[in-house]
Amino acid sequence: MLVLGIETTCDETAAAVVEWRGDARGGILSNVILSQTAEHEVFGGVVPEIAARAHVEAIDHVIAKALADAGQSLDRMDGIAAAAGPGLIGGVIVGLTTAKAMALVTEKPLIAVNHLEAHALTARLTDGTPFPYCLFLASGGHTQVVAVRGVGDYVRLGTTMDDAIGEAFDKTAKLLGLGYPGGPQVEQEAKRGNPSRFALPRPMLGRDDANFSLSGLKTALRLEAERIAPLSDQDVADLCASFQQAVADVVLDRLRAGLKMFRERTGAPTALVAAGGVAANQTIRKALHRAAFEVGTALVVPPPELCTDNGAMIAWAGAERLWLGLTDPLDFMPRARWPLEEVRGWDKAAATIQRK
Ligand code: KG4
Ligand code: ZN
């Protein structure tokens, strides 16, 4: 089975072709990503209107390249998948409408994929990870701990009360005069910094739920920076290192709580799976290793280009859904907000009734 996947929910225009080999294993035939980082850099963050226009300009070329790189044509596809949310609505409309038009013309099934579900299922494409597993998704827009029990069967164990982790890194970078996106720059600075120079708070530590809160940490960092301003290079490095360590400590603690909740509700996970740009951070990666090791489970971290937004994850989620017959009508509405729990799954009872 071949599926084309389209991703336009944020600042990457992406398309890919993946092959589904029937045993929930797959191959990536092409994976084209056009990043808009340069367009948004001057504004220090993603500007939704600029993003939507950039998607319109790029999408046809990106899809054509994805098909060409795969050595395939549109009529060879078994389904056309697009991220239908959550995300910046202007961009979502561009990708989903394009997919609908292609599905209409070619009379192929449309799969309207939840972007978070695509992140959640990526470990199956890369590592064939069996259900159920515990997902830690940390990107610029999302921070979630999720029990992934099957396609369309997700239980959110924790989320952030305010900023996403990547967002907190980006804001910290901006405050300290570093560039955008901030995560990699903060990590770079932190390498030559002292992580224990500033006693920053570890919000939510020790709580039973797996929720996060990062705005207090961000404020504490700002107050420290203001207190010692003007900042030397060493001050910036020490602030970055202290911030990064505080986040890593919080991640470890929150995942301990999340994995405990997972065990109580679902039994033992087959793995702890990381997704999202933040998983690239080595200090946070150490916290993930430790959290997994402590409960005797494996840590699965897909390669960086598949942890961040991409078309292959949309195509793959599309393939998993298409295999179960979970296709969508052409009037499926794009969704700015779309919690994972609201994703439709394969309902055994309904399927039996329909067959009769
Ligand atoms: O998954 P992603 O590429 O895009 C979405 O937000 O969907 O994640 C990007 C986020 C940004 O906030 C970026 O600062 C953060 O991930 N990030 C990092 C690192 N690399 C990327 N945060 C901390 N350390 C890093 N090395
Ligand atoms: Zn994402």
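Residues numbered from 1 in each chain as written. Chains lettered and ligands numbered in written order. Predicted model: local features only at pLDDT ≥ 70, side-chain atom pairs only at ≥ 80, totals over all residues. Heavy atoms only, no water.

With that settled, consider the nonpolar core. Membership of the largest hydrophobic core comes to 61 residues, with the highest contact counts inside it found for Leu4, Ile63, Leu135, Val148 and Tyr154. Residues lining this core come from more than one domain, with at least three contributed by each of domain 1 (2-124 + 306-348) and domain 2 (131-304). Ignoring sequence-local partners within four residues, the contact set of Ile63 consists of Leu4, Ile6, Ala15, Thr98 and Met102. Judged by nonpolar contacts, the second largest core, of 50 residues, contains Ala210, Leu221, Ala248 and Ala292. (Core = buried A, V, L, I, M, F, W, Y, C linked by side-chain atoms within 4.5 Å. Buried < 20%, exposed > 50% of the residue type's maximum accessible area, 1.4 Å probe, protein only. Domains from an automatic or database assignment. Contact = heavy atoms within 4.5 Å.)

Surrounding ligand 1, one finds 17 residues, the nearest of these being Gly140, Asp170, Gly183, Glu187 and Gly277. One nitrogen or oxygen atom from the main chain of Gly140 is found 2.7 Å from an oxygen atom belonging to ligand 1. With respect to ligand 1, the backbone of Gly277 contributes an N or O atom lying 2.9 Å from an oxygen atom. Relative to its free-state accessible area of 550 Å², ligand 1 is covered by the protein chains to the extent of 87%. Those elements that provide at least two residues to the shell around ligand 1 are helix H5 (165-175) and helix H6 (182-190). In terms of residue class, the shell around ligand 1 is built from three nonpolar, ten polar and four charged. (Near = heavy atom within 4 Å. Polar contact = N/O pair within 3.5 Å; in protein donor to acceptor, adjacent residues only side chain to side chain. Areas by Shrake-Rupley, 256 points an atom, 1.4 Å probe, with all protein chains shown as cover. Helix = DSSP H or I, 4+ residues; strand = E, 2+ residues; numbered from the N terminus. Nonpolar A, V, L, I, M, F, W, Y, C, P; charged D, E, K, R; others polar.)

Applying the stated criterion to the full structure yields six aromatic pairs. Between Phe169 and Phe243 the ring centres are 5.1 Å apart and the planes differ by 80°, which places this aromatic pair in the edge-to-face class. One end of the pair, Phe169, is in helix H5; the other, Phe243, is in helix H8 (residues 233-266), with 74 residues separating them in the sequence. With centroids separated by 5.6 Å and ring planes inclined at 40°, the aromatic side chains of Phe332 and Trp338 adopt a geometry described as tilted. A residue is classified by how much of its surface remains accessible, and Phe332, at 18% relative accessible area, is buried. Under the relative-accessibility criterion, Trp338 is labelled buried at 6%. Here a set of aromatic residues connected by ring pairs shows up, and it is made of Trp20, Trp316 and Trp323. (Phe/Tyr/Trp six-rings, centres within 6.5 Å; stacked < 30°, edge-to-face > 60°.)

Further remarks concern the domain arrangement of the protein chain. Looking at the protein chain, the domain boundaries give domain 1 (2-124 + 306-348) and domain 2 (131-304). A C-alpha centroid distance of 26 Å is found between domain 1 and domain 2. Between domain 1 and domain 2, the contact holds 29 residues from the first and 27 residues from the second. Interface area, domain 1 with domain 2, both sides summed: about 2,100 Å², of which 66% is carbon and sulfur. Broken down residue by residue, the surface that domain 1 buries against domain 2 is led by Cys307, Leu340 and Glu341, which jointly contribute 25%. At the boundary of domain 1 with domain 2, the tally comes to zero salt bridges. Put simply, domain 1 and domain 2 have ten residue pairs in polar contact (both at pLDDT 80 or more) between them. For the side of domain 1 that touches domain 2, the secondary-structure elements that each account for two or more residues are helix H1 (37-41), helix H4 (115-127), helix H10 (304-307) and helix H11 (311-323). (Buried area = accessible area lost by both parts, 1.4 Å probe. Salt bridge = Lys/Arg side-chain N within 4 Å of Asp/Glu carboxyl O.)

To continue, consider the coordination of the zinc ion (ligand 2). Surrounding the zinc ion (ligand 2) are the protein donor atoms His115 (NE2), His119 (NE2) and Asp309 (OD), which sit 2.1 to 2.2 Å from the metal. Read N to C, the donor residues that coordinate the zinc ion (ligand 2) are spaced as H-x3-H-x189-D. Placement of the pair is His115 and His119 together in helix H4, with a separation of four residues, close to one helical turn. Given the relative accessible area of 2%, His119 is considered buried. (Donors = N, O, S within 2.8 Å, 3.2 Å for Na, K, Ca; no water.)

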